[in-house]
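Structural description and commentary
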Amino acid sequence: MFEEPKPKKKLTPSQALIKAQLSCAYQERCQQEMRDKLYEWGLYSDAVENIIVDLINNNFLNEERFAKTYAGGKFRIKKWGRIKIKIELKKRNISEYCINKAMQEIPDKEYITTIKQLIAKKSKEIKGVKLQVRNYKVAQHVIYKGFEGNLVWGEIKEMES
(Lines give C-alpha, C1' and ligand atoms only; values in the text may rest on other atoms or scores of the structure.)
Protein backbone atom coordinates (compact mmCIF):
# COMPACT_ATOMS: atom_id res chain seq x y z
CA MET A 1 0.00 0.00 0.00
CA PHE A 2 2.59 2.58 1.08
CA GLU A 3 5.88 2.44 -0.78
CA GLU A 4 9.04 3.88 0.69
CA PRO A 5 10.83 6.34 -1.57
CA LYS A 6 13.70 4.70 -3.38
CA PRO A 7 17.11 5.98 -2.32
CA LYS A 8 18.63 8.19 -4.99
CA LYS A 9 21.31 6.52 -7.03
CA LYS A 10 24.70 8.05 -6.33
CA LEU A 11 26.63 9.21 -9.34
CA THR A 12 30.32 8.72 -9.97
CA PRO A 13 32.33 11.95 -10.39
CA SER A 14 32.60 11.38 -14.17
CA GLN A 15 28.82 10.78 -14.50
CA ALA A 16 28.17 13.86 -12.35
CA LEU A 17 30.49 15.98 -14.50
CA ILE A 18 28.61 15.05 -17.67
CA LYS A 19 25.23 15.65 -16.01
CA ALA A 20 26.47 19.00 -14.62
CA GLN A 21 27.75 20.08 -18.04
CA LEU A 22 24.38 19.26 -19.61
CA SER A 23 22.59 21.14 -16.84
CA CYS A 24 24.79 24.23 -17.32
CA ALA A 25 24.46 24.07 -21.10
CA TYR A 26 20.67 23.98 -20.77
CA GLN A 27 20.43 27.01 -18.45
CA GLU A 28 22.77 29.48 -16.76
CA ARG A 29 23.62 28.29 -13.25
CA CYS A 30 25.52 29.80 -10.35
CA GLN A 31 28.27 27.98 -8.48
CA GLN A 32 26.16 27.56 -5.34
CA GLU A 33 23.25 26.03 -7.25
CA MET A 34 25.59 23.58 -9.01
CA ARG A 35 27.41 22.76 -5.76
CA ASP A 36 24.08 21.92 -4.07
CA LYS A 37 23.09 19.70 -7.01
CA LEU A 38 26.40 17.82 -6.88
CA TYR A 39 25.99 17.12 -3.17
CA GLU A 40 22.42 15.99 -3.89
CA TRP A 41 23.83 13.52 -6.40
CA GLY A 42 25.85 11.90 -3.61
CA LEU A 43 29.29 13.36 -4.22
CA TYR A 44 31.76 14.43 -1.54
CA SER A 45 33.44 17.80 -1.13
CA ASP A 46 36.70 17.02 -2.99
CA ALA A 47 34.86 15.66 -6.03
CA VAL A 48 32.34 18.52 -5.91
CA GLU A 49 35.05 21.20 -5.87
CA ASN A 50 36.98 19.47 -8.68
CA ILE A 51 33.85 19.39 -10.84
CA ILE A 52 33.10 23.06 -10.07
CA VAL A 53 36.66 23.99 -11.11
CA ASP A 54 36.30 21.94 -14.30
CA LEU A 55 32.97 23.63 -15.13
CA ILE A 56 34.50 27.08 -14.60
CA ASN A 57 37.61 26.30 -16.66
CA ASN A 58 35.48 25.03 -19.56
CA ASN A 59 33.18 28.06 -19.32
CA PHE A 60 30.08 26.08 -18.31
CA LEU A 61 29.88 28.15 -15.12
CA ASN A 62 30.44 31.90 -15.09
CA GLU A 63 29.12 33.92 -12.14
CA GLU A 64 29.15 37.26 -13.98
CA ARG A 65 27.28 35.82 -16.96
CA PHE A 66 24.79 34.15 -14.60
CA ALA A 67 24.22 37.40 -12.68
CA LYS A 68 23.64 39.42 -15.86
CA THR A 69 21.25 36.83 -17.31
CA TYR A 70 19.40 36.48 -14.00
CA ALA A 71 19.02 40.23 -13.48
CA GLY A 72 17.93 40.88 -17.06
CA GLY A 73 15.40 38.06 -17.01
CA LYS A 74 13.85 38.89 -13.65
CA PHE A 75 13.56 42.55 -14.63
CA ARG A 76 12.11 42.05 -18.11
CA ILE A 77 9.93 39.01 -17.47
CA LYS A 78 8.93 39.17 -13.80
CA LYS A 79 9.13 42.98 -13.54
CA TRP A 80 11.34 42.84 -10.44
CA GLY A 81 13.15 45.92 -9.16
CA ARG A 82 16.87 46.23 -8.45
CA ILE A 83 16.47 45.71 -4.68
CA LYS A 84 14.74 42.34 -5.03
CA ILE A 85 17.18 41.19 -7.72
CA LYS A 86 20.18 42.13 -5.54
CA ILE A 87 18.74 40.24 -2.56
CA GLU A 88 18.17 37.12 -4.66
CA LEU A 89 21.69 37.28 -6.12
CA LYS A 90 23.18 37.66 -2.63
CA LYS A 91 21.23 34.56 -1.52
CA ARG A 92 23.08 32.70 -4.27
CA ASN A 93 26.48 33.88 -2.95
CA ILE A 94 27.18 36.04 -6.01
CA SER A 95 30.03 38.52 -5.48
CA GLU A 96 29.37 42.25 -5.11
CA TYR A 97 31.37 42.85 -8.32
CA CYS A 98 29.10 40.51 -10.33
CA ILE A 99 25.96 42.01 -8.75
CA ASN A 100 27.08 45.51 -9.78
CA LYS A 101 27.79 44.29 -13.32
CA ALA A 102 24.33 42.70 -13.41
CA MET A 103 22.66 45.95 -12.32
CA GLN A 104 24.24 47.68 -15.32
CA GLU A 105 22.15 45.35 -17.52
CA ILE A 106 19.02 47.29 -16.50
CA PRO A 107 18.82 50.61 -18.38
CA ASP A 108 17.60 53.53 -16.22
CA LYS A 109 15.07 54.68 -18.83
CA GLU A 110 13.52 51.22 -19.08
CA TYR A 111 13.54 50.94 -15.28
CA ILE A 112 11.52 54.15 -14.83
CA THR A 113 9.15 53.12 -17.65
CA THR A 114 8.53 49.81 -15.87
CA ILE A 115 7.77 51.63 -12.60
CA LYS A 116 5.25 53.83 -14.43
CA GLN A 117 3.62 50.78 -16.08
CA LEU A 118 3.32 48.94 -12.75
CA ILE A 119 1.83 52.03 -11.07
CA ALA A 120 -0.69 52.54 -13.89
CA LYS A 121 -1.71 48.86 -13.92
CA LYS A 122 -2.15 48.65 -10.14
CA SER A 123 -4.01 51.99 -10.03
CA LYS A 124 -6.63 50.64 -12.43
CA GLU A 125 -7.13 47.53 -10.27
CA ILE A 126 -7.83 49.48 -7.06
CA LYS A 127 -11.29 51.05 -7.04
CA GLY A 128 -13.56 52.72 -4.55
CA VAL A 129 -10.98 54.13 -2.13
CA LYS A 130 -9.62 57.58 -1.39
CA LEU A 131 -6.73 58.82 -3.50
CA GLN A 132 -4.27 58.64 -0.59
CA VAL A 133 -5.26 55.04 0.22
CA ARG A 134 -5.00 54.04 -3.44
CA ASN A 135 -1.58 55.69 -3.78
CA TYR A 136 -0.38 53.93 -0.63
CA LYS A 137 -1.58 50.53 -1.89
CA VAL A 138 -0.05 51.11 -5.33
CA ALA A 139 3.28 52.20 -3.82
CA GLN A 140 3.28 49.23 -1.45
CA HIS A 141 2.74 46.85 -4.38
CA VAL A 142 5.51 48.34 -6.54
CA ILE A 143 7.97 48.59 -3.63
CA TYR A 144 7.23 44.94 -2.76
CA LYS A 145 8.37 44.03 -6.29
CA GLY A 146 11.78 45.44 -5.37
CA PHE A 147 11.69 49.00 -6.65
CA GLU A 148 13.15 51.87 -4.63
CA GLY A 149 10.57 53.74 -2.52
CA ASN A 150 11.80 57.21 -3.45
CA LEU A 151 11.51 56.43 -7.19
CA VAL A 152 8.04 54.90 -6.76
CA TRP A 153 6.67 57.80 -4.73
CA GLY A 154 8.27 60.29 -7.12
CA GLU A 155 6.49 58.69 -10.07
CA ILE A 156 3.16 58.52 -8.20
CA LYS A 157 3.38 62.24 -7.35
CA GLU A 158 4.34 63.04 -10.96
CA MET A 159 1.39 61.05 -12.34
CA GLU A 160 -1.02 62.86 -9.98
CA SER A 161 -0.06 66.31 -11.26
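Predicted, not measured: the structure shown is a model, and the values here were computed from it.

Here Ile126 shows up in the loop between helix H7 (108-125) and helix H8 (131-144). The class of Ile126 is buried, set by a relative accessible area of 15%. With 11 residues separating them along the chain, Ile126 and Lys137 place their C-alpha atoms 8.2 Å apart. Setting aside chain neighbours within four positions, we find Ile126 in contact with Arg134, Lys137 and Val138.

Here we come to the environment of Glu105. Tracing the backbone through its elements, the reader meets Glu105 in the loop between helix H6 (96-103) and H7. Along the primary structure Glu105 and Tyr70 are separated by 35 residues, whereas in three dimensions their C-alpha atoms are 9.9 Å apart.

Our focus in this paragraph is the pattern of salt bridges. Inspection of every chain in the model, using the stated rule, returns 10 salt bridges. The residue Arg65 makes a salt bridge to Glu28 at a minimum N-O spacing of 2.7 Å. Of this pair, Arg65 sits in helix H4 (residues 63-76) while Glu28 is found in the loop between helix H1 (13-26) and helix H2 (31-40), placing the two residues 37 residues apart along the sequence. Close ionic contact of Arg82 with Asp108 constitutes a salt bridge, the shortest N to O distance being 2.8 Å. Of this pair, Arg82 sits in helix H5 (residues 82-91) while Asp108 sits in helix H7, placing them 26 residues apart in sequence. A residue is classified by how much of its surface remains accessible, and Arg82, at 14% relative accessible area, is buried. Using a relative accessible area of 53% as the deciding quantity, one classes Asp108 as exposed.

Where H1 meets helix H3 (residues 45-57), the axes come as close as 10 Å, and the angle between the chain directions of the two elements is 40°. When the axis of H1 is compared with that of H3, the two are oblique. The crossing of H1 and H3 is right-handed. In contact with Pro13, Ala16, Leu17, Ala20, Gln21 and Cys24 of H1, H3 contributes Ala47, Ile51, Asp54 and Leu55. Of the residues contributing to the contact of H1 with H3, the split by class is eight nonpolar, one polar and one charged.

So, how was this worked out
- Residues numbered from 1 in each chain as written.
- Predicted model: local features only at pLDDT ≥ 70, side-chain atom pairs only at ≥ 80, totals over all residues.
- Heavy atoms only, no water.
- Helix = DSSP H or I, 4+ residues; strand = E, 2+ residues; numbered from the N terminus.
- Buried < 20%, exposed > 50% of the residue type's maximum accessible area, 1.4 Å probe, protein only.
- Contact = heavy atoms within 4.5 Å.
- Salt bridge = Lys/Arg side-chain N within 4 Å of Asp/Glu carboxyl O.
- Axes fitted to C-alpha atoms, helices over the stretch in contact; angles between N-to-C directions.
- Parallel < 35°, antiparallel > 145°, perpendicular 65-115°, else oblique.
- Left-handed = near helix turned anticlockwise from the far one by under 90°.
- Nonpolar A, V, L, I, M, F, W, Y, C, P; charged D, E, K, R; others polar.

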